[in-house]
Amino acid sequence: MGQNTAESSVSLINSSTMSNTERTFIAVKPDGVQRGLVGEIIKRFEQRGFRLAALKMVVVSEDHCKQHYIDLKALPFYAGLCSFMHSGPVVAMIWEGLNVVKNGRLMLGETNPADSKPGSIRGDLCITLGRNIIHGSDSLESANKEIALWFKPEEIIEFKSCQQAFLYE
Ligand code: UDP
Ligand code: MG
């Protein structure tokens, strides 16, 4: 009886914290756009079953990039990273689905493409740390902050994907 109560509270916690509508912020950086990899990256998220909730191509200000990477401001590569992010168009997206933050990071691979496994985006499509083609939120908290920085609420499109019943039990 006691054990059952413990089990049911675990499943309650899981059902209230795991959600098919979790969202992450993904951006194809200027190198990925220039190299013609936007379609390949979108394809991977679409084929996995995640739902595209917002998408735009933008050249953002350096201040915007500095804000986006604010947690890294003390690091030596911060200035170069921010100036590169603002050097050309970026394709900014919101992807939605169960555990999309964590799984998005797994799909990206490691920060350094040299450490990324084949099969991951960085492991398949790029070579060096400073030209690693894609950004993905590293936690739910960062995802929420980044989505608010990059998108206005009206740019985020709510619709029920017709695939839902075949992706989720
Ligand atoms: N970066 C870099 N030099 C480093 C570490 C990171 O140029 O030594 C760049 C790299 O493009 C990376 C970005 O800074 O994607 C942000 O770093 P972070 O540690 O947040 O990696 P990410 O979350 O992108 O995997
Ligand atoms: Mg990061």
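Structure first, text after, so check above.
(A) Spotlight on the site of ligand 1. Surveying the vicinity of ligand 1 reveals the residues K29, Y69, L72, F77, L81, R105, T111, R122, L129, G130 and N132. Here T111 contributes a side-chain N or O atom positioned 2.5 Å from an oxygen atom of ligand 1. A distance of 3.1 Å separates an oxygen atom of ligand 1 from a polar side-chain atom of R122. For ligand 1, whose unbound accessible area comes to 500 Å², protein coverage reaches 77%. The site holding ligand 1 turns out to be the largest pocket. For the shell around ligand 1, the class distribution of residues is five nonpolar, three polar and three charged.

(B) The arrangement of helix α8 (residues 140–150) in detail. Along α8, the residues that are buried comprise S142, A143, E146, I147 and W150. Seen along its axis, α8 keeps its buried residues to an arc of 130 degrees; they face one direction. For α8, the exposed residues set more than 90 degrees away from the buried face come down to E141, K145 and A148.

(C) Main features of the side chain of R122. Along the polypeptide, R122 turns up in helix α7 (residues 121–125). Despite its burial, R122 pairs with no opposite charge, the nearest such side chain being E110 at 7.4 Å. In this view, R122 contacts L108, G109, E110, T111, P113, S116, N132 and I134; residues no more than four positions away in its chain are not counted.

(D) Structural detail: the layout of surface pockets. Taken as a whole, the largest pocket spans an internal volume of roughly 690 Å³. Those elements that provide at least two residues to the lining of the largest pocket are α4 (62–68), α5 (78–85), β4 (134–136) and α8. Quantified by volume, the second largest pocket comes out at close to 210 Å³. Contributing to the lining of the second largest pocket are 16 residues, with F50, R51, L52, S161 and Q163 lying nearest its centre. Listed by contribution, the elements that provide at least two residues to the lining of the second largest pocket are β2 (51–58), β3 (90–96) and α9 (164–167). Residues belonging to the lining of the second largest pocket are distributed by class as follows: seven nonpolar, six polar and three charged.

(E) Structural context of the sheet that holds β2. Read across the sheet, four strands follow the order β2-β3-β1-β4 without closing on themselves; strand pairing throughout is antiparallel. At either end of the open sheet lies a strand with only one pairing partner, and these are β2 and β4. Across this sheet, the average inter-strand angle for adjacent strands is 15 degrees, counted without regard to direction. Judged from the seven bridges that link them, β2 and β3 form a sheet pairing that is antiparallel. Bridging from a neighbouring strand, K56 pairs with A92 of β3. Its contacts with the sheet place α8 against β1 (23–28), β2, β3 and β4, and it is angled at close to 60 degrees to β1.

(F) Helix α3 (residues 38–48), seen in detail. By the burial criterion, the buried members of α3 are V38, I41, I42, R44 and F45. Along the axis of α3, the buried residues cluster in a sector spanning 155 degrees; they form a single face. Backbone geometry just after α3 places G49 at a positive phi near 115 degrees.

(G) Quick look at the pairing of β1. In terms of burial, β1 is a largely internal element, six of the six residues being buried. Strand direction decides the pairing type here: β1 and β3, joined by six bridges, are antiparallel. Paired with F25 across the two strands is I94, which belongs to β3. Here β1 pairs with β4 via three bridges, running antiparallel. Within β4, the residue paired with I26 across the bridge is G136.

Here is what the cut-offs are and how they apply
Residues numbered from 1 in each chain as written. Chains lettered and ligands numbered in written order. Predicted model: local features only at pLDDT ≥ 70, side-chain atom pairs only at ≥ 80, totals over all residues. Heavy atoms only, no water. Near = heavy atom within 4 Å. Polar contact = N/O pair within 3.5 Å; in protein donor to acceptor, adjacent residues only side chain to side chain. Areas by Shrake-Rupley, 256 points an atom, 1.4 Å probe, with all protein chains shown as cover. 1 Å grid on protein atoms, 1.4 Å probe; cavity = no way out; pocket = protein on both sides within 12 Å on 5 of 7 lines; lining within 4 Å. Sits in = over half its atoms within 2 Å of the grid points. Nonpolar A, V, L, I, M, F, W, Y, C, P; charged D, E, K, R; others polar. Buried < 20%, exposed > 50% of the residue type's maximum accessible area, 1.4 Å probe, protein only. Helix = DSSP H or I, 4+ residues; strand = E, 2+ residues; numbered from the N terminus. Arc of directions from axis to C-beta. Lys, Arg positive; Asp, Glu negative; His and termini not counted. Salt bridge = Lys/Arg side-chain N within 4 Å of Asp/Glu carboxyl O. Contact = heavy atoms within 4.5 Å. Points joined across faces, edges and corners; volume = space filled by probe spheres on them. Pairing = 2+ DSSP bridges. Axes fitted to C-alpha atoms, helices over the stretch in contact; angles between N-to-C directions.

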